[in-house]
Each structure stands twice: as structure tokens, then as C-alpha cells.
Amino acid sequence: MDLDAASLQAVATVRRWEAGWPAVTPHSSVAVTPERAQQVLEELGRRLGDNYPFFHPSYAGQMLKPPHPAAAAAYLMAMLINPNNHALDGGPATAALEREALAAIAAMFHYPADFLGHLTSSGTIANLEALFVARELRPDAAIAFSEEAHYTHERMCRLLGVRGVRVPADARGRMDLAALEHLLQTDTIGTVVLTAGTTALGAVDPIDQALGLRDRYGVRLHVDAAYGGFYTIQGWAGFEGAPAGPEGIPAAAYRAIAECDSVVVDPHKHGLQPYGCGCVLFRDPSVGHFYVHDSPYTYFTSSELHLGEISLECSRAGAAAAALWTTLQLFPLTPDGLGAILGACRRAAVSLARLIGGSEHLRLYQEPELDIVAYFPWEGGMTAADVDAASQSLFERAMAAEDPVYLSVARVTAGSLHRRHSNIEAGSETVRILRSVLMKPEHEGFVEVLHERLVRLAG
Ligand SMILES: *Cc1c(COP(=O)(O)O)cnc(C)c1O
């Protein structure tokens, strides 16, 4: 679709809507001349040139890509009105759109219809809300998360005044459930955070197996699926009769999210949205009472539930809900909708991993479970320190090359490297390796070029 045309449609639509009221002359205090505005926007354009090409498949680094044009146009349309999804008074239309979008996401996770949930400004805030509810329910208990979990869990535990406990990861970067069980036997843990798609490696914790531990030890389970949550579509695909993708993902773990107490997913990662769109869902709607407050000036136009009554944040962009809703009309959460985009990303990762596995001067750090590939340059007899230096050097040379590719660097310990590559000695020092998040479907057609450039740089 054409963003230029869609943007014009968005602006024209809002202008038409505004024309339904008596004309307003803008106050002289907000006036700017077109020449001056053009000048400053030109300057902004120059400043924004200082960016990596996130839109391009040669950008195979961090979790970054532009929103879908439909999301951008919808965001623009709603943003010109600028509703605030805190209260129905701030934007009845976008509050309704948020509820519909949330219902679609809850259905993707196979959550019950009476779930409680809302959008947030980020995955971090969404996780904070889930941990806040966990603390309210188990005020004296600790929260356990894997050593591979997102770094913000530790920080949010500190913020909430809850003890956070790290659980070791296994040799694939997933939470080690034997270690978790050992910890649960100490009877101090109230909530376990499981990750469906770790930020570094895209590893999926064995959520299905953790359900048994929940039953045995009575802990709450929260799933941080900020990055990998939309792969739940793939997780249910084969199960519901639709063909599963050609390249499997840990489907049982994804289907088990349905049984967990809360889950977080970031539409601004794999949901084609601009930043400012996270989401938290609770299985049991009664946790809503923990959010109770009695603001003297917000909720007046209706006795219906206002989203601000179940959110830690006050103002939230109604435009974010409008953009997500629009995107979900065009890309429903089905194998043929958003699932087709994820399928291409997953296939890109599988092919890149296979190509790297067959390369003389490259080594795969571990097999990808989703669409994040970790690898490093290799010469026989390298030490961990050599791998570190060679990775950093390749990262820099790749970016500076005439036909650049943009990668990212991940830090692992020499011990983790040794567990996967026993010919490299163990140690406690950190080692940089390379990491490519293949979150654009265009990566599927670019993998061979990317690999060829990596081989050239590593050789
Ligand atoms: C990105 C990410 C987060 C943090 O989300 P933000 O939207 O960046 O705040 C949390 N957990 C995981 C697993 C993530 O990948």
C-alpha cells in the first residue's frame, strides 16, 4: 500500500470531521510561516538522516523496523484528533478500538473471554503491571526469572520492593526447570516469570513443563512474550487444523501461555506498530481491583469501565489503539495474516543458521528457536578472547563496508560459549558474539546476500 496516498486520506478525513463544527481561526500565538516550518522540517530531515536503515533487509541487527504504512496512516489520522485512552471522556472511539484489538490478542493466546487487559506504552511497563499485580497478590514472596530474562525484570523487582531471584538457564538459553524446582522447594517464590522469546537469543522457556510446577508449588506464572508473543499464532496453527509453518517453533510452550496467569506482548515489536505500544493481559479479571483509585476529575461521561481504571499509566495515546486496530483488520492474528509475516522471518532465520552452519569461518552460537540468529567468526584454535575481538571487528567492518550490513553484538559469558562449543575453554569473562534479529519478512529473500557478505568479512 502507498503511504503517501494513505497519509493524505488520513489528513483529509480529519479535516472533513473538523469541518462539521463552526470554523476556528488558529490563534496568532501558534502561527508559523510556511517558509519557517519548511526550513525547520528540512533541518529535521537532515538530522534524521543520522540513522541506520531500519527499513532495509541489510539492517539485520537489533529489534527495529518501521511500522506498517497502514499503522502509520491510522496513527496519523487518530493523532490529529489526539484522543487519550485513559478515560472514555478522553476518547470513546479509540477506547472501543483498544478493547477490540485487545480481544483479538487475547483470543490469539486462547485466553478466556472475560480476561482483563490493556495497551501500555511499552513492554517494560506491561511487565511492571504484571509484577505489580503479582506483588499485590503475594506481598511477601519473591519473583523468579531466568538469567536470560529481560534486564528490566530485576530492576522492576527493586522498584516494587520485591526480592527478585535469578534462575540459571540451560545450554539453549531457556530457564532450567530443575534449578527452578529446587528454588520452589525453598517455598519463598510467589511468581515465576517465563520468557517466550528471550531478547538476546529468542529462546522460549519450557512454559508447558512449568505448568506442572505451578500445580505442585502453587506459584503464579507470568509470561514475558514482549518479543516472541505473536509466534503464538504459529504455536496453535498445526493444532487447529491450519498447516503449521514448514519450520517448527516450540509450539507446546506457546499453547501453554493460555494457562498462565498473565502475559505481555509488544505490538511495537512484531505487531507492525510504531513505538509506544505494549500490552498486558490477565487471565483473572478480578485483579482489576488492585488498580483502584478515585481520581476527582476523570471519569464522568459513563459508568462503564474506563481503561484508566485498570492501568498504572494515566495518559495513553488513543492513536496507538487506532493504529493497532487498523493493522489487525488487515493482518488478523491468523496463519495467513500476521502469521505469514512471522513465517517468513522464521524461515529467514532457519536458512541463515543453515548457511552459517556450513561455513568454514563462521560458527552458529546455537540453533535459533524463533528468528534471532547468534553466531561468531571462527578460525581453528580461537580462545574466548579471540572470539570476542573477532566478533567486534566483524561487526564494525560490516557496517563500514561499501555494501554495508548492520548486525548487533550480544554479550555472553565464556562459560555459556563453552557449553555450546566445548573446544573453546570456559571462563567467567564476557564474550561478544554477533546477533541478527531477522524480524522483517524481506529478510527471507536477503539471507543469501547477508551470508555471502558475512563470509567475505570473516574470511
Ligand atoms: C523488548 C523486551 C522487553 C522490553 O520491552 P520494551 O517495549 O522495550 O519496553 C521485555 N522483555 C522482552 C523479552 C523483550 O524482548
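Everything quoted here is computed from the prediction, not taken from an experiment.

A look at the site of the ligand
- Taken together, 14 residues surround the ligand, and among them Thr124, Asp224, Asp266, His268 and Lys269 come closest.
- At a separation of 2.8 Å, an oxygen atom of the ligand approaches a polar backbone atom of Gly123.
- Note that an oxygen atom of the ligand is positioned 2.7 Å from one of the side-chain N or O atoms of His268.
- Burial of the ligand by the protein amounts to 88% of the accessible area it has alone, namely 380 Å².
- Of all the elements in the fold, those that place two or more residues in the shell around the ligand are helix H5 (123–137) and helix H11 (267–270).

Examining the pairing of strand E2 (residues 142–146)
- Burial of E2 is extensive: 5 of the 5 residues sit out of reach of the surface.
- Side chains of E2 alternate between two faces, with Ala142, Ala144 and Ser146 and Ile143 and Phe145 buried alike.
- Pairing of E2 with strand E4 (residues 189–195), which is carried by 4 bridges, proceeds in the parallel orientation. Counted as the bridge partner of Phe145 is Val193 from E4.
- One ladder, built from 4 bridges, connects E2 with strand E3 (residues 164–167); its direction is parallel.

Some thoughts on the domain arrangement of the chain
- Per the domain assignment, the segments making up the chain are domain 1 (78–294 + 302–331) and domain 2 (339–458).
- Spacing between the C-alpha centres of domain 1 and domain 2 amounts to 29 Å.
- At the junction of the two partners, domain 1 supplies 30 residues and domain 2 supplies 20 residues.
- A combined buried area of about 2200 Å² lies between domain 1 and domain 2, and 58% of that area is made up of carbon and sulfur atoms.
- For domain 1, the biggest contributors to the area lost against domain 2 are Leu201, Tyr227 and Tyr231; these three give 27% of the whole.
- Across the contact surface, domain 1 and domain 2 share 0 salt bridges.
- Between the two partners, domain 1 and domain 2, sit 12 residue pairs in polar contact (both at pLDDT 80 or more).

Focus on the packing of aromatic side chains
- Going through the model one piece at a time under the given rule, you end up with 7 aromatic pairs.
- Taking 6.3 Å as the distance between ring centres and 75° as the angle between the ring planes, the aromatic pair formed by Phe376 and Trp378 counts as edge-to-face. Each member of the pair, Phe376 together with Trp378, is buried.
- Three or more aromatic residues link up through ring pairs in this structure, and these residues are Tyr52, Phe54, Tyr59 and Tyr406.

Some details on the layout of surface pockets
- Considered as a void within the structure, the largest pocket measures approximately 750 Å³ in volume.
- Contributing to the lining of the largest pocket are 24 residues, with Glu148, Ala149, Thr199, Ala200 and Arg411 lying nearest its centre.
- Examining the composition of the lining of the largest pocket, we find that 5 residues originate from one element, strand E10 (residues 408–413), more than from any other.
- Residues belonging to the lining of the largest pocket are distributed by class as follows: 10 nonpolar, 7 polar and 7 charged.
- If you count residues domain by domain, the lining of the largest pocket takes at least three from each of domain 1 (78–294 + 302–331) and domain 2 (339–458).

Some words on the sheet that holds strand E9 (residues 372–377)
- Taken in spatial order, the 4 strands of this open sheet run E8-E9-E11-E10, and their pairing is antiparallel. For this open sheet the edge positions go to strand E8 (362–366) and E10, each flanked by a neighbour on one side alone. Across this sheet, the average inter-strand angle for adjacent strands is 45°, counted without regard to direction.
- Here helix H14 (residues 384–400) sits on the sheet in contact with E9, E10 and strand E11 (430–437), set at roughly 40° to E11.
- Its contacts with the sheet place helix H16 (residues 447–458) against E8 and E9, and it is angled at close to 115° to E8.

Cut-offs applied
Residues numbered from 1 in each chain as written. Predicted model: local features only at pLDDT ≥ 70, side-chain atom pairs only at ≥ 80, totals over all residues. Heavy atoms only, no water. Near = heavy atom within 4 Å. Polar contact = N/O pair within 3.5 Å; in protein donor to acceptor, adjacent residues only side chain to side chain. Areas by Shrake-Rupley, 256 points an atom, 1.4 Å probe, with all protein chains shown as cover. Helix = DSSP H or I, 4+ residues; strand = E, 2+ residues; numbered from the N terminus. Buried < 20%, exposed > 50% of the residue type's maximum accessible area, 1.4 Å probe, protein only. Pairing = 2+ DSSP bridges. Domains from an automatic or database assignment. Contact = heavy atoms within 4.5 Å. Buried area = accessible area lost by both parts, 1.4 Å probe. Salt bridge = Lys/Arg side-chain N within 4 Å of Asp/Glu carboxyl O. Phe/Tyr/Trp six-rings, centres within 6.5 Å; stacked < 30°, edge-to-face > 60°. 1 Å grid on protein atoms, 1.4 Å probe; cavity = no way out; pocket = protein on both sides within 12 Å on 5 of 7 lines; lining within 4 Å. Points joined across faces, edges and corners; volume = space filled by probe spheres on them. Nonpolar A, V, L, I, M, F, W, Y, C, P; charged D, E, K, R; others polar. Axes fitted to C-alpha atoms, helices over the stretch in contact; angles between N-to-C directions.

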